[in-house]
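Single-letter residue listing:
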Amino acid sequence: MNVQTLPIRVYFEDTDAGGVVYHARYLHFFERARTEFLRHLHFSQQTLIRDFDLAFVVKKMDIDFILPARLDDALEVKTQITEIRGASIFFEQRLMRAEVELCKATVIIACVNLTKMKPTPLPAVIKDALLDHSSSNF
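In this report, we go over the structure that sits alongside the text. These figures come from a predicted structure and were not determined experimentally. (Residues numbered from 1 in each chain as written. Predicted model: local features only at pLDDT ≥ 70, side-chain atom pairs only at ≥ 80, totals over all residues. Heavy atoms only, no water.)

1. Quick notes on the overall build of the protein
Turning to step 1, where the next piece is worked out: A tally of helices and strands in the protein yields three helices and six strands.
Turning to step 2, where the next piece is worked out: Listed by position from the N terminus, the elements making up the protein come as β-α-α-β-β-β-β-β-α.
Turning to step 3, where the next piece is worked out: Its C-alpha atoms give the protein a radius of gyration of 16 Å, near enough to 14 Å, the size a compact globule of 138 residues would have.
Turning to step 4, where the next piece is worked out: Counting only C-alpha atoms and orienting by the principal axes, one finds that the protein spans roughly 45 × 35 × 25 Å.
Turning to step 5, where the next piece is worked out: Counting across all 138 residues of the protein, residues that qualify as buried make up 42%.
Turning to step 6, where the next piece is worked out: Once local pairs closer than 6 in sequence are excluded, the contacts in the protein between residues at least 24 apart make up 70%.
Turning to step 7, where the next piece is worked out: Accessible surface computed for the protein: about 7800 Å², of which carbon and sulfur atoms make up 53%. (Helix = DSSP H or I, 4+ residues; strand = E, 2+ residues; numbered from the N terminus. Rg over C-alpha atoms; globule rule 2.2 N^0.38 Å. Buried < 20%, exposed > 50% of the residue type's maximum accessible area, 1.4 Å probe, protein only. Contact = heavy atoms within 4.5 Å. Areas by Shrake-Rupley, 256 points an atom, 1.4 Å probe, with all protein chains shown as cover.)

Structure follows, in structure tokens:
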């Protein structure tokens, strides 16, 4: 499946006193990349809320911190869909510095109806866009 890449710069606010990226910031980087992934398919957070009364929420995340990122690093978050189910999207994400993998995560996102606050099947138009993106060149 196709990979989308988002450039990230490490700022002072992302680091601890030693200039090393604080562990929670990796989650921010991954969230930002998934949001941009959906925006690229014309499904911004506002569009999901306004047009579909839904949101995508993290159901499960497994994260492996491999090497530290540091202040001023130029990084890339590589995001790809690995599976789509009725109300779930499975992502694999990797944070890279050049060709070096610093952190990786597998993320399960649930599609939730905001009125009922319960999982709901992915709307066909969103599922089709995700499947089309996954099988075509980005």
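2. Re the packing of aromatic side chains
Turning to step 1, where the next piece is worked out: Per the stated rule, a full pass over the model turns up four aromatic pairs.
Turning to step 2, where the next piece is worked out: Ring centres 6.4 Å apart and planes at 65 degrees place the aromatic pair Y26 and F29 in the edge-to-face group. Of the two residues, Y26 and F29 are both situated in helix α1 (residues 23–40); the distance of three residues between them amounts to about one turn of the helix. For the pair Y26 and F29, one class covers both residues: buried.
Turning to step 3, where the next piece is worked out: A ring pair is formed by Y26 and F65, whose centres lie 5.3 Å apart and whose planes are at 75 degrees; its orientation type is edge-to-face. On the criterion of sequence distance, the pair formed by Y26 in helix α1 and F65 in strand β2 (residues 54–65) is long-range, its members being 39 residues apart.
Turning to step 4, where the next piece is worked out: Given a relative accessible area of 40%, F65 falls into the partly exposed group.
Turning to step 5, where the next piece is worked out: One aromatic cluster is present, built from ring pairs that chain together Y26, F29 and F65. (Phe/Tyr/Trp six-rings, centres within 6.5 Å; stacked < 30°, edge-to-face > 60°.)

3. Considering a nonpolar patch on the surface
Turning to step 1, where the next piece is worked out: Together, I66, L67 and V100 give the surface a local cluster of nonpolar side chains, amounting to about 220 Å² of exposed area.
Turning to step 2, where the next piece is worked out: By the secondary structure assignment, I66 is in the loop between β2 and β3 (74–84). (Patch = residues over 30% accessible without salt bridge, like charges linked within 9 Å, V, L, I, M, F, W, Y side chains within 5 Å. Salt bridge = Lys/Arg side-chain N within 4 Å of Asp/Glu carboxyl O.)

4. Digging into unusual backbone geometry
Turning to step 1, where the next piece is worked out: With a phi angle near 55 degrees, D53 is a residue other than glycine that sits in the positive phi range.
Turning to step 2, where the next piece is worked out: Along the chain, D53 turns up in the loop between α2 (45–52) and β2.
Turning to step 3, where the next piece is worked out: The exposure class assigned to D53 is partly exposed, which follows from its relative accessible area of 26%.
Turning to step 4, where the next piece is worked out: Of note, A98 is a non-glycine position whose phi angle comes to about 55 degrees, a positive value.
Turning to step 5, where the next piece is worked out: Take A98: it is sitting in the loop between β4 (88–97) and β5 (100–113).

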